[in-house]
Amino acid sequence: MKFFLDTANIKEIREGQQMGVLDGVTTNPSLVAKEGRAFKETVLEICEVVQGPVSVEVTATDLEGMLEQGRAYAKWNRHVVVKLPTTREGVKSCKALTQEGIKVNMTLCFSATQALLVAKAGATYVSPFVGRLDDISSNGITLVQEIVHIYKNYAYSTQVLAASLRHPMHVVEAALAGAHVGTMPFKVLEMMFHHPLTDLGLEKFAKDWEKANLKDLEKAMK
Ligand code: E4P
């Protein structure tokens, strides 16, 4: 499973990169706006750090506008993946842009029917929003399972990018469902490292070692 960070915060992305487990980044207009920095400059810096797929979302909702923005973003950096909404116009744009060799991430996907449409239109990624479905008493992970199943049935090449993951169990469940990618906020990635038994175990090892007072560690290291 690939791990993407769902953020436009360069400090978090640098830290994620240093952890050695980061494969890419997803952004959206809300996340970019939160940083209060120039849009293109932010995207270019993220691409430079990640050296992997970086989803950049269009703000236009009409076909022409989406095509214009998508083509422009794709020229900024080879790592840019154009993020389009899963609407009728979005699917049309997806078809056109993928035919031009531009990678596309179809966002705001909330149903298996939408996922089928974007796969047929050649999307590189589909983003089912797990947390936002859970928020309305629906089951986000069930949708991920359905999409993975349907794509396998027809050997679609579109990758399932589980999005709107709000906690580590969402990541585990998306992985169990077979999602190719999970995108998560930095705090969720951090939470995945922690286990109380790891901390307790380390503490005990350190105490036992100190008690034994062995003097030969430095020597053994040479
Ligand atoms: C994905 O690409 C979206 O940016 C993101 O996962 C949305 O998450 P949220 O529902 O927590 O805002």
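Below is a summary of the structure that appears in this document. For clarity, every value in this text was computed on a predicted model and none was experimentally measured.

### Here's the deal with the nonpolar core
Piece 1. Counting residues in hydrophobic clusters, the biggest one holds 58 residues, and the most contacted among them are Leu84 and Tyr151.
Piece 2. Tallying contributions element by element places helix H8 (residues 140–154) first for this core, with seven residues.
Piece 3. Every residue in contact with leucine 84, bar those within four places of it in the chain, is listed here: Val58, Met66, Gly90, Ser93, Cys94, Leu97, Val104, Asn105, Met106 and Thr107.
Piece 4. Phe4, Val81, Tyr125 and Ala163 belong to the second-largest nonpolar core, a separate cluster that totals seven residues.

### With respect to a nonpolar patch on the surface
Piece 1. A cluster of nonpolar side chains, contributed by Trp209, Leu214, Leu217 and Met221, occupies part of the molecular surface with about 460 Å² of accessible area.
Piece 2. Structurally, leucine 214 is set in the loop between helix H11 (196–212) and helix H12 (217–221).

### Topic: the packing of aromatic side chains
Piece 1. Under the defined criterion, the tally for this structure stands at seven aromatic pairs.
Piece 2. Ring centres 6.0 Å apart and planes at 75 degrees place the aromatic pair phenylalanine 4 and tyrosine 125 in the edge-to-face group. With phenylalanine 4 in strand E1 (residues 2–6) and tyrosine 125 in strand E6 (residues 125–128), this pair connects stretches of sequence that are 121 residues apart. One exposure class covers both phenylalanine 4 and tyrosine 125, and it is buried.
Piece 3. With 5.4 Å between their ring centres and 75 degrees between their planes, phenylalanine 39 and tryptophan 76 make a pair best called edge-to-face. Separated by 37 residues along the polypeptide, phenylalanine 39 in helix H3 (residues 39–50) and tryptophan 76 in helix H4 (residues 63–76) bring together distant segments of the chain.

### Observations regarding the site of the ligand
Piece 1. Lining the immediate surroundings of the ligand are Asp6, Thr26, Asn28, Lys83, Phe129, Arg132, Ala163, Ser164 and Arg166.
Piece 2. Take asparagine 28: an N or O atom from its side chain is 2.7 Å from an oxygen atom of the ligand.
Piece 3. Here serine 164 contributes a backbone N or O atom positioned 2.7 Å from an oxygen atom of the ligand.
Piece 4. Notes on the ligand: free accessible area 340 Å², of which the protein chains cover 86%.
Piece 5. Of the residues belonging to the shell around the ligand, the class tally is two nonpolar, three polar and four charged.

Rules and cut-offs
Residues numbered from 1 in each chain as written. Predicted model: local features only at pLDDT ≥ 70, side-chain atom pairs only at ≥ 80, totals over all residues. Heavy atoms only, no water. Core = buried A, V, L, I, M, F, W, Y, C linked by side-chain atoms within 4.5 Å. Buried < 20%, exposed > 50% of the residue type's maximum accessible area, 1.4 Å probe, protein only. Helix = DSSP H or I, 4+ residues; strand = E, 2+ residues; numbered from the N terminus. Contact = heavy atoms within 4.5 Å. Patch = residues over 30% accessible without salt bridge, like charges linked within 9 Å, V, L, I, M, F, W, Y side chains within 5 Å. Areas by Shrake-Rupley, 256 points an atom, 1.4 Å probe, with all protein chains shown as cover. Salt bridge = Lys/Arg side-chain N within 4 Å of Asp/Glu carboxyl O. Phe/Tyr/Trp six-rings, centres within 6.5 Å; stacked < 30°, edge-to-face > 60°. Near = heavy atom within 4 Å. Polar contact = N/O pair within 3.5 Å; in protein donor to acceptor, adjacent residues only side chain to side chain. Nonpolar A, V, L, I, M, F, W, Y, C, P; charged D, E, K, R; others polar.

By themselves, these observations are geometric and do not establish any function.
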